[in-house]
Amino acid sequence: MKNINFLAFAMPAFFLFLFLEYKLAQRKKRPEIFNYESSVSNISIGIAERLINLFVAASFYQLYYLIYDDYRIFEIPSNFLVWIALILATDFVWYWYHRLGHEVNFFWAAHIVHHHSEEFNFTAAARITTFQAIVRTGFWCILPFVGFHPTMVITMLIVHGAYSFFTHTQLVGKIKWLEYIFVTPSVHGVHHASDEKYLDKNYGDMFTFWDRLFGTFQEEEEKPKYGLTHPLKSYSFLWQHFHYYFEIYELWRRSKGFKARWKAVFGSPAHMDQDIRPTLEKRFLQDKSNPHQRLRFRNYLYIQLGISTLLLTVFTYYFDHLQAYDKIFVLSIIIITLINCGAILEQRKWIYYLEYTRIFMITTYFLYERDLTIFFFVPLAVMIFAEQLFSLSKYYQNMILQLEAAE
């Protein structure tokens, strides 16, 4: 992709705006806007989406061109009025994609990750998964099918996404006169709320008139409570991505007959059995002995996220010039690191073995680069010997899994 190098600056720009938001929150004495564990979780999911998107975004663009070249209905020119029509069409398609994402279980499974966070700031904007990107692309295909050129569509999607990023903040209050037309942070904050009066409202991404037209607009009245009506009891990177698919499967398994099973997959999330998530959490998640404790050794998480971000930025910049094995190596290392971050927040003792896996992968990669793979067993033997001799796992767990009283 010709423009892939420009995407390398997306993550540094994200952290720049995040830093500015954080400092402004401090200046306004609004420390409640940021929560350490939640922010780490949000950023981890954002890094994963940017990473995997490198491998699939090109296919999205190719799909747009295929539809436009072979199946477009109209030949739409490029001029000022057409660009205005495109931005309106883009937000209209988004409205229905977004609304169905809340009203259909299968789509909600991809979108729910964006709503896990109980904080509302720029990190929450990063909670996009590749599953959601794939579903969304299916809706975006309507635009080249109608006749908008793919170059115009891709450009508009970038503008659309950039606008929505800045609506994820609490530092901008209500701007009532602007909200008659545009989505503001206050309007979008209502969408992220779990209060009953705010549920299933404000689906528009740039404009509010779709919500006003279809009866789903709600202005902010009381301060919203952000997150899900039934909050997820985990910061696990994997569980956050897949828990609702497990819930759908469990509902499908319990259902009898074709109609009931169809509803389990394509029915409303409002009809999901409320005992399913607690049952699955009890089955797959460990109980926390003291929910008022939090991780003490936070710098290790900062280091891992920092290295992952740097690696992703460089990886994105040189993506087209790398070999397949380089790409698989970087993909694996970053994903394992993000799983590690979630496991540390969950205080999982098996994170130590993830560390071993990461070290083994790095050494094997460099041995392969030097055509010395015949010696791949050497670092493995050294790690086994060191563990047996020094019991490194105990030292590691005692240092990394220190806890302190939550603030």
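Predicted model only: the values in this text are computed from it and were never measured.

(A) Examining the confidence of the model for the protein chain more closely. Residues with a pLDDT of 70 or more make up 94% of the protein chain, whose mean pLDDT is 89. Of all the helices and strands in the protein chain, strand E2 (residues 403-405) carries the lowest mean pLDDT, 54, while helix H7 (residues 142-146) carries the highest, 97. Across residues 288-292, where pLDDT falls below 50, the model places five contacts with residues more than four positions away in sequence or in other chains.

(B) Representation of the pattern of salt bridges in the model. Per the counting criterion, the structure on display carries 13 salt bridges. Salt-bridge contacts for Arg 30 lead to Glu 32; the nearest nitrogen and oxygen are separated by 2.6 Å. The exposure class assigned to Arg 30 is partly exposed, which follows from its relative accessible area of 23%. By relative accessible area, Glu 32 is classed as partly exposed at 48%. Lys 197 serves as the salt-bridge partner of Glu 222, at 3.1 Å between the closest nitrogen and oxygen. With Glu 222 in the loop between helix H10 (209-214) and helix H11 (237-254) and Lys 197 in the loop between helix H9 (185-191) and H10, this pair connects stretches of sequence that are 25 residues apart. Its relative accessible area of 45% is what places Glu 222 among the partly exposed residues. Overlapping salt bridges bring together Glu 250, Arg 253, Arg 254, Asp 273 and Asp 275 as one network.

(C) Seen up close, the UniProt feature "domain: Fatty acid hydroxylase" (unreviewed entry) in the protein chain. The sites that UniProt annotates as "domain: Fatty acid hydroxylase" (unreviewed entry) are residues 83-216. The span residues 83-216 shows a helical share of 57% and a strand share of 0%, and its end C-alpha atoms are spaced 26 Å apart.

Conventions adopted
- Residues numbered from 1 in each chain as written.
- Predicted model: local features only at pLDDT ≥ 70, side-chain atom pairs only at ≥ 80, totals over all residues.
- Heavy atoms only, no water.
- pLDDT = per-residue confidence, 0-100.
- Helix = DSSP H or I, 4+ residues; strand = E, 2+ residues; numbered from the N terminus.
- Contact = heavy atoms within 4.5 Å.
- Salt bridge = Lys/Arg side-chain N within 4 Å of Asp/Glu carboxyl O.
- Buried < 20%, exposed > 50% of the residue type's maximum accessible area, 1.4 Å probe, protein only.
- UniProt positions renumbered as here; feature names shortened; annotations may be inferred.

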